[in-house]
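Geometric and topological summary
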Amino acid sequence: MVKRNQVLPVQLSLPSFKSDNGSLPSLSLSGFNEVITRTAFRNTNRNPCRKLCFGNPITASGKRKQTAKMVFIVLFPITVLTVMTAIGFTSSLRLHFKTENVIRNIDLKTNIGKLVSALQFERYKSSLYISEVGEYTKTDLLSVYQDTDIALKQLYTWPVSSTNQRKELQSHEKYRSHLLKHRNALLLSKSTFTGEIFFYSNDIEIFISSLYATIGEEETGFIWKSLIAFQELLMGRDYIDRELSYGIYFYSKGLFST
């Protein structure tokens, strides 16, 4: 019978390593390591994964396994963080390029709008010059030409499509030569009022159409609505300027020339 507060000795059942004659054999270092391994991990021999991961830390193989586990514990979170950082950086870089592209397109559309406004104003002043309303001289007309040339130079990319049939609208240089030729004809009194209206109105319509064509799918939401509103504003102003030019000519001449 066990008395109260009595400590009983604990007997550990270790595997027997006795020899055939019943005496304990003398073990070498490798044999001793094998005994420790078999004793400590005798319940894991049936699991090859556990056998691969665990080992006697005294042996060289066990030391390598322990080192590999420590390195894995350190490198695994670092690898995960590196992958997450790379994914986030790639997404940010893609968003950056997309934002730059949108900003560049908006800048191009703004410059197209400036050119359209300059051509509309030049058409209006040319109508005044032909109608001979007031003291409007060639010097005043040349200052208007200078503003249009500045707006034309600000177009870092030519907006008109290469599929356009008009050769004079294929590049900056060709269109500038086209404008100079027409201006010289006007200054030499070789142009008519209807010719002026047709010349500028036709070019303005093409530039407004190119403005609509440059609106991309990535420009959604508020940006897309603003660009469409900007285009409609330019078109409305163009119609008003045409009526104004016709009104000036009719006021000065009393009739339209046929």
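Residues numbered from 1 in each chain as written. Predicted model: local features only at pLDDT ≥ 70, side-chain atom pairs only at ≥ 80, totals over all residues. Heavy atoms only, no water.

Thoughts on a nonpolar patch on the surface
- A contiguous nonpolar surface patch, about 980 Å² in accessible area, is contributed by V71, F72, I73, V74, L75, F76, I78, V80, L81 and M84.
- For L81, the position within the fold is in helix α3 (residues 60-131). (Patch = residues over 30% accessible without salt bridge, like charges linked within 9 Å, V, L, I, M, F, W, Y side chains within 5 Å. Areas by Shrake-Rupley, 256 points an atom, 1.4 Å probe, with all protein chains shown as cover. Salt bridge = Lys/Arg side-chain N within 4 Å of Asp/Glu carboxyl O. Helix = DSSP H or I, 4+ residues; strand = E, 2+ residues; numbered from the N terminus.)

With respect to the pattern of salt bridges
- In this structure the tally under the stated criterion is nine salt bridges.
- With its nearest N and O atoms 3.1 Å apart, the salt bridge here joins E122 to R183. Placement of E122 in helix α3 and of R183 in helix α5 (residues 172-187) is noted, with a sequence separation of 61 residues between them. Each member of the pair, E122 as well as R183, carries the same accessibility label: buried.
- With a closest N to O distance of 3.2 Å, D238 and R242 form a salt bridge. One end of the pair is D238 and the other is R242, both in helix α7 (residues 222-253) and four residues apart, which spans about a single turn. The residues D238 and R242 share a single accessibility class, namely buried.
- Here the residues in one salt-bridge network are E122, D149, R176 and R183, joined through shared partners. (Buried < 20%, exposed > 50% of the residue type's maximum accessible area, 1.4 Å probe, protein only.)

Concerning the nonpolar core
- If you look at the biggest cluster of nonpolar residues, it comprises 31 residues, and the most contacted ones within it are L115, V116, L119, L155, W158, Y175 and F207.
- Going through the elements one at a time, α3, α4 (138-153), α5, α6 (193-213) and α7 are the ones with two or more residues in this core.
- Broken down by element, this core gets its largest block of residues, nine residues, from α6.
- The residues contacting L155, other than those within four sequence positions of it, are L108, N111, I112, L115 and H172. (Core = buried A, V, L, I, M, F, W, Y, C linked by side-chain atoms within 4.5 Å. Contact = heavy atoms within 4.5 Å.)

Things to note about the environment of L108
- With respect to the secondary-structure elements, L108 resides in helix α3.
- In this structure L108 comes out as buried when scored by relative accessible area, which is 8%.

What about the packing of aromatic side chains?
- Here the structure, examined in full by the defined rule, presents six aromatic pairs.
- Each ring, one from F121 and one from Y124, has its centre 6.2 Å from the other, and the planes form 40°; the classification is tilted. Taken as a pair, F121 and Y124 lie in helix α3 at a separation of three residues, close to a single helical turn.
- Taking the relative accessible area as the measure of exposure, Y124 reaches 21% and is therefore partly exposed.
- Ring pairs connect the aromatic residues W158, Y175 and F207, which therefore count as one cluster. (Phe/Tyr/Trp six-rings, centres within 6.5 Å; stacked < 30°, edge-to-face > 60°.)

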